[in-house]
Structure formats: structure tokens, C-alpha cells
Amino acid sequence: MTLIDTLNRPLRDLRISVTDRCNFRCVYCMPKEIFGPDYQFLRRDQILTFEEIERLARIFVSHGVRKIRLTGGEPLVRRDFPQLISMLSTIPDLDLTLTTNGALLARQARALKDAGLKRITVSLDSLDNKIFKSMNDVDFAVESVLEGIEAAASVGLSPIKVNMVVKRGLNEESILPMARFFKEKGHILRFIEYMDVGHSNGWRMDDVVPAAEIIKMINAEMPVEPLDPNYRGEVAERWRYKDGQGEIGVIASVTQAFCSTCNRARLSAEGSLYTCLFAVKGHDFRDMMRNGATDEELSNEVARIWGKRGDRYSELRSENTVSLPKVEMSHIGG
Ligand code: SAM
Ligand code: SF4
Ligand code: SF4
């Protein structure tokens, strides 16, 4: 049964954060000044168990969700994570995928594939170690992420997408080297405009490199042409290299808001449902489940929440909205 919100958008896509912890401290996501040694991460009993995640996932699928992306924090730091994949990969008619920083991918790629994962997205912001380390802020080397990508490719996870957040003055010079490298490798590189998520990353509009500028830069060296979306509501705008050697994507959430087709819900690690990446407040499902709610009650609650959804933050973004309180990206997973 398809659910429709107040702006006529169906619920199709669910992102599930499996942990709020991460082994990186990306400056645009979990800056060290805030996520330092004293930061209070969720306790184990506060986060959803795999059984609770699977139960909710099935309820969302019964409401029309066709794609689930597991994210975090860093999903691969969650203990026994491939076990969750094996539980979710048995759900019929579901495109199951995962976004990771790649740090632990070389050692987990085989287990993920064996558990039933088909494809994967790996984040990487530069091929230059100096720039990459200044962005992940934990001295993690590019080569190790590339090893993870290689391992994923060699076990047959396909397609592999690579996410690069572009921040003005930080990694613009990495755009062309990244495009050349992943064109050669045959993986789909996607450029993400730096967003004002949470309230800890000190976002300013001047820090955003517009997607149109990125495409122009690439087109000047490696000509590209636009491609149709794979499906309605796809966030990445697709471009194909004119020489037939692959494609790239841009996610222009700041300069070309796509709220009008946004069919995405987000479940945080502690089981709160958010109907927008920029939501202030979530709806708690963990306590409902732990207090004995039936599947029917949970299902009705999903329907009630989606039915009154009217979020369109990116279309309304302005200097004033930037300072509003919001949930952190590492909390609900981007
Ligand atoms: N740790 C995993 C990773 O980095 O791939 C998964 C979680 S991360 C929050 C999901 C995606 O959000 C990553 O591709 C990351 O680069 C992106 N992201 C984080 N902060 C962002 C920001 N301020 N603007 C745009 N994208 C951001
Ligand atoms: Fe961690 Fe991903 Fe956020 Fe970087 S973007 S700090 S890897 S959760
Ligand atoms: Fe969807 Fe909210 Fe992003 Fe708009 S701002 S595209 S409603 S998540």
C-alpha cells in the first residue's frame, strides 16, 4: 500500500543509521571540537537491535519502500554488521545498499557479499593524502580506502558508487583527478554539494561549489551529456561521458533543491523516524516496540507520520534557516 504525504510524494526510500559512531572525524560532518573524547555517543542498549531494525524494515516495505540504504555514523564499525545484511537481504523486492567511508571495507567486503549485499557506495573526498587527511581529520590514508574499493569490486559488489563532498577552498582541486581516476576504473563518481546539516559544521553558502560549476569544469576536459534519471525521485543528476566511458552524478541539494520529488524517510540509530534530513525532531519507534506495540500499531504510526509530512527544507533554505536547530548528519546518516 503506497503512502502519500501532503505534497503528494510517496514513501519509497528508507535510510537506516545503524550507529552514531564513526572512525573518521570529517570536518563537514563530525568536527573534532564537538565530537571529541568527551562526546556522549549512544549506549548499546539505546540503539536498535538487528531484530528491531529488521522488524521496522519489513513494515516500511509493506508501505511501499523499495530501497533501503544502511548508513551511520560508519556502518562497518557496528559489531557483526554483515549479520544485519543477511537478515535484510531476505526481504523480497528490495534494493538494499550501504554507504561507508571504506576504512574497514577491505576486510569486510567478502562477508558483506556473502551476506547478500549487491552494491555499495564508498565516500572519498580526494586522491591527495594531504587533502584527504585534512578532511577525515584522523590521518587515514587514501590508499586504504582504494583497497576497500578494489576489494568490493573483486568480490562482485556492483555497481560501485563513490561519493565526494566538495567544499570550496578545501578539495576543489581534487575534482578533476577524481573524475579521471574513477572514469578509468569504471566506477560512478558522484559529487555532493556541501550541506548545512546539523548545527556543528559552521556551514556558509560561500563554501558550496555549485554542481553546475563542477559539471562545467569536467565537461571542459572530458565532455559529458545529461542522462535521464533511473527513477522518479533519484537525487543524483546523471551525466554520461560522451566517449562512452562511464557516467558521473551530481547531488545538488543546495543549488537545485529536489524536495518536490523527495520520497525518503530516515531512521536514526536509536529508532527515531525523521521525514527530512533537516528535521528538528524525530518520532520514536524504539520505545513503542519495547513497550509491546504490535506490527499493526507500528504500521499505523508510519502511515500517520507520512500522511502529515510537508517537509521541503532545501526549497526554503535561507540565511535564516541555516541557524535553526537540526539533527546531526552522523545521527541520521545523510
Ligand atoms: N560514514 C559513512 C560515509 O561517510 O560514507 C556513512 C555516513 S555519511 C553521514 C553519508 C554521506 O553523507 C557521506 O557520503 C558523506 O560524505 C555525506 N556527508 C556528510 N556530511 C555532509 C555535508 N555536510 N554535506 C554533504 N554531504 C555530507
Ligand atoms: Fe564519519 Fe561518514 Fe560523517 Fe565522515 S561523513 S564523519 S566518515 S559519518
Ligand atoms: Fe527531502 Fe528534506 Fe532534503 Fe527536501 S530538504 S530533499 S524534503 S530531505
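If you're wondering where the values come from, they're calculated on a predicted model, not measured in any experiment.

Draft legend 1. Molecular detail of the side chain of Glu270. Locating Glu270 in the fold gives a position in the loop between β10 (264-267) and β11 (272-274). Side chain to side chain, Glu270 and Ser268 meet in a polar contact 2.8 Å long. Not counting residues up to four positions away in its chain, the partners in contact with Glu270 are Leu42, Gln46, Ile47, Leu48, Asp284, Arg286 and His331.

Draft legend 2. Fine view of the nonpolar core. Counting residues in each nonpolar core, the largest one holds 106 residues, and the members touching the most others are Ile68, Leu70, Phe191 and Ile218. The element best represented in this core is helix α1 (residues 50-62), accounting for seven residues. Residue contacts for Ile68: discarding those within four places in its chain leaves Leu14, Ile16, Ala57, Val61, Leu94, Asp95, Leu96 and Thr97.

Draft legend 3. Fine view of the site of ligand 1. Near ligand 1 there are 20 residues, and of these Tyr28, Gly73, Ser123, Val165 and Met195 occur at the shortest range. Between ligand 1 and Glu74, the relevant distance is 3.2 Å, taken from a nitrogen atom to a side-chain nitrogen or oxygen of the residue. Contact between ligand 1 and Met195: a nitrogen atom at 2.9 Å from a main-chain N or O atom of the residue. Protein burial of ligand 1: of its 540 Å² of free accessible surface, 94% is covered by the chains.

Draft legend 4. Broad picture of the pattern of salt bridges. Summed over all chains, the structure comprises 24 salt bridges. Note that Asp311 is salt-bridged to Arg309, the shortest N-O span being 3.7 Å. On the basis of relative accessibility, which here comes to 3%, the residue Arg309 falls in the buried class. A single network of salt bridges, built from pairs that share partners, joins Asp5, Arg9, Arg309 and Asp311.

Draft legend 5. Quick peek at unusual backbone geometry. Omega for the peptide link from Ser158 to Pro159 comes to 0°, which places this bond in the cis form. For Pro159, the position within the fold is in the loop between α5 (142-154) and β5 (160-166). Phi is positive for Asp93, which is not a glycine, with a value near 55°. When you line up the elements, Asp93 lands in the loop between α2 (81-88) and β3 (95-100). The exposure class assigned to Asp93 is exposed, which follows from its relative accessible area of 65%.

Draft legend 6. Spatial organisation of the environment of Leu105. You can see Leu105 is positioned in helix α3 (residues 105-114). In this view, Leu105 contacts Leu76, Thr100, Leu112, Ile120, Val122, Gly148, Ile149 and Ala152; residues no more than four positions away in its chain are not counted.

Procedures and definitions
Residues numbered from 1 in each chain as written. Chains lettered and ligands numbered in written order. Predicted model: local features only at pLDDT ≥ 70, side-chain atom pairs only at ≥ 80, totals over all residues. Heavy atoms only, no water. Helix = DSSP H or I, 4+ residues; strand = E, 2+ residues; numbered from the N terminus. Polar contact = N/O pair within 3.5 Å; in protein donor to acceptor, adjacent residues only side chain to side chain. Contact = heavy atoms within 4.5 Å. Core = buried A, V, L, I, M, F, W, Y, C linked by side-chain atoms within 4.5 Å. Buried < 20%, exposed > 50% of the residue type's maximum accessible area, 1.4 Å probe, protein only. Near = heavy atom within 4 Å. Areas by Shrake-Rupley, 256 points an atom, 1.4 Å probe, with all protein chains shown as cover. Salt bridge = Lys/Arg side-chain N within 4 Å of Asp/Glu carboxyl O.

Fair warning: the whole summary comes from geometry, so function is off the table for now.
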